[in-house]
Amino acid sequence: MDPGAGDRLRGWIETHSADFRPDLRSGLKSFGQVRAFGELSMVLWALTGPRHRAAGSRYAAWAQDVAAQLWPDLEVVGEHLPWDDLPQHHLRDLLVMFPVLEEVTHRRSRFHDKVVEVLGGGFGTVPAEDLKIAFARDTAGLGDCRPAVTRELAAELSAWPGTGAAAKSSWLYTITHMIFYATRFGAREVSWPAAFPAPLGCVLGSCAAARLATRDYDIAAELLASIAWSGSGISAAFLTGVSALAAIAQEQGSVPVRPPSADGAEPGSRSGPGFKDRYHATIVTLAVLAEGELATGTRAQGS
């Protein structure tokens, strides 16, 4: 595997570092203001996981350096959060960023105690099965989300249409996020029940191949990450998928959610390729390439 693709993606992330930072000049009103910041934080967490540290992954130290650059912005986010109303506020989903970046940077936020207090309390009308809250509590050491996630994942797999080509995007994102939560983005193993309605590895592999065939790179990257993190095994199909994404990264320097249309504009963009059209697929692909290098023992010269 050519490690140059990972270098290209790291360079793109560094070049767009300002775009990942939350813009809070008018206050913090929506999750969208910090979405890219939060999603990058989660990928950095994955890149510094125990398997990568133990293997001496070249991505681990880089991810820690990037996380250290993000740290001041995390504290600014904390200054803008409506702490008194947070249990019932839509911005409560931002709480997960605090324990995640604390772990990556080995620092303690000024808002650590507030985060623990909110996550440790009740959430009123928030459903007990809210997996985002269960996951946030898990990252803060306040519970284990695996039982809840496994139960919900089993229910979702009962709707498996039988072929990857027939699976809807919303369903695919639901199951990949459940796997991300249960495995803590690849940091821990999960003993999946043998009685799953459909074999997890087969579902993920079939869907990843189908989405790569249609060049739907964003969900393809999430499915490939799910294969690596779920313990489904590093198959030839996985490595083929990694190579396909690596080729896109080498060619374009980043990865689009989907390929540009005939007029050069990307989906959701009025002015052609842009940060919003590429950042998520790019950072998830970086995590996938790191898993590919870990599986094949690839190391770049001088890294």
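The structure displayed is predicted, hence computed values, not measured ones.

J.: Any details on helix 5 (residues 58–80)? Residues and values, ideally.
T.: Taking 1.5 Å of rise per residue, the 23 residues of helix 5 would be expected to cover 33 Å, and the 35 Å separating its terminal C-alpha atoms lies within 8% of that figure. Remark: the principal bend of helix 5, roughly 35°, maps to Leu-70, with a proline, Pro-72, within the next four residues. Of the residues that open helix 5, the one with a side-chain oxygen 3.1 Å from the backbone nitrogen of Tyr-59 is Ser-57.

J.: Tell me about the nonpolar core, and name the residues and values.
T.: In this structure, Phe-20, Leu-81 and Leu-153 are the most contacted members of the largest nonpolar core, which totals 98 residues. Ignoring any residue separated from it by four or fewer positions in sequence, one finds Leu-81 in contact with Leu-28, Leu-86, Leu-91, Leu-94 and Phe-98.

J.: Can you break down the packing of helix 3 (residues 35–47) against helix 5 residue by residue, with the values?
T.: Helix 5 packs onto helix 3 with a crossing angle of 145° between their chain directions and a minimal axis gap of 9 Å. Considering only the axes of helix 3 and helix 5, their crossing is left-handed. On helix 5, the residues that touch Phe-37, Leu-40, Ser-41, Leu-44 and Leu-47 of helix 3 are Tyr-59, Ala-60, Trp-62, Ala-63, Val-66, Ala-67, Leu-70, Asp-73 and Leu-74. Its residues placed into classes, the contact of helix 3 with helix 5 shows 12 nonpolar, one polar and one charged.

J.: Would you mind going over the packing of aromatic side chains in detail, with residue names and values included?
T.: Per the stated rule, a full pass over the model turns up 17 aromatic pairs. For the pair Phe-20 and Phe-275, a centre-to-centre distance of 4.9 Å together with 85° between the ring planes defines the contact as edge-to-face. Of this pair, Phe-20 sits in helix 2 (residues 17–20) while Phe-275 sits in helix 14 (residues 275–296), and the two are 255 residues apart along the sequence. The exposure class assigned to Phe-20 is buried, which follows from its relative accessible area of 2%. Between Phe-20 and Tyr-279 the ring centres are 5.9 Å apart and the planes differ by 90°, which places this aromatic pair in the edge-to-face class. Of this pair, Phe-20 sits in helix 2 while Tyr-279 sits in helix 14, placing them 259 residues apart in sequence. As far as the burial class goes, Phe-20 and Tyr-279 line up, both buried. Counting every residue linked through ring pairs, the aromatic cluster contains Trp-45, Phe-135, Phe-180, Tyr-181, Phe-185 and Trp-229.

What counts, and where the lines are drawn
Here the residue index of a chain counts from 1 through its sequence in written order. Only residues with pLDDT of at least 70 get local features here, since the model is predicted, and only at 80 or more are side-chain atom pairs given and counted; chain-wide, interface and lining totals rely on the full set of residues. Just so you know, side-chain values use all the structure's heavy atoms and leave hydrogens and water out. Counting from the N terminus, the helices are DSSP H or I runs at least four residues long and the strands are E runs at least two residues long. To estimate how far a helix should reach, multiply one less than its number of residues by 1.5 Å. The angle between axes fitted to the seven residues ending at a residue and the seven residues starting there is what we call the bend at that residue. For the purposes of these results, a polar contact is taken to be a pair of N or O atoms within 3.5 Å, where, inside protein, one atom must be able to donate a hydrogen and its partner to accept one; residues adjacent in sequence count only when each atom of the pair is a side-chain atom. In plain words, nonpolar cores are sets of buried Ala, Val, Leu, Ile, Met, Phe, Trp, Tyr and Cys residues tied together by side-chain atoms within 4.5 Å. Any residue under 20% of the maximum accessible area for its type is buried, any over 50% is exposed, and the rest in between are partly exposed; the area is computed with a 1.4 Å probe on protein chains only. In what follows, residue pairs with any heavy atoms lying within 4.5 Å of each other are defined as contacts. Convention adopted: a line fitted to C-alpha atoms gives each axis, helices being fitted over their contacting stretch, and angles between N-to-C directions are expressed from 0 to 180 degrees. By definition, any crossing whose near helix is turned counterclockwise from its far helix by less than a right angle is left-handed, and any crossing with a clockwise turn is right-handed. When residues are grouped by polarity, Ala, Val, Leu, Ile, Met, Phe, Trp, Tyr, Cys and Pro land in nonpolar, Asp, Glu, Lys and Arg in charged, and all others, Gly among them, in polar. Within 6.5 Å between ring centres, the rings of Phe, Tyr and Trp (the latter by its six-membered ring) count as paired, and their orientation is classed by plane angle as stacked under 30 degrees, edge-to-face over 60, tilted in between.

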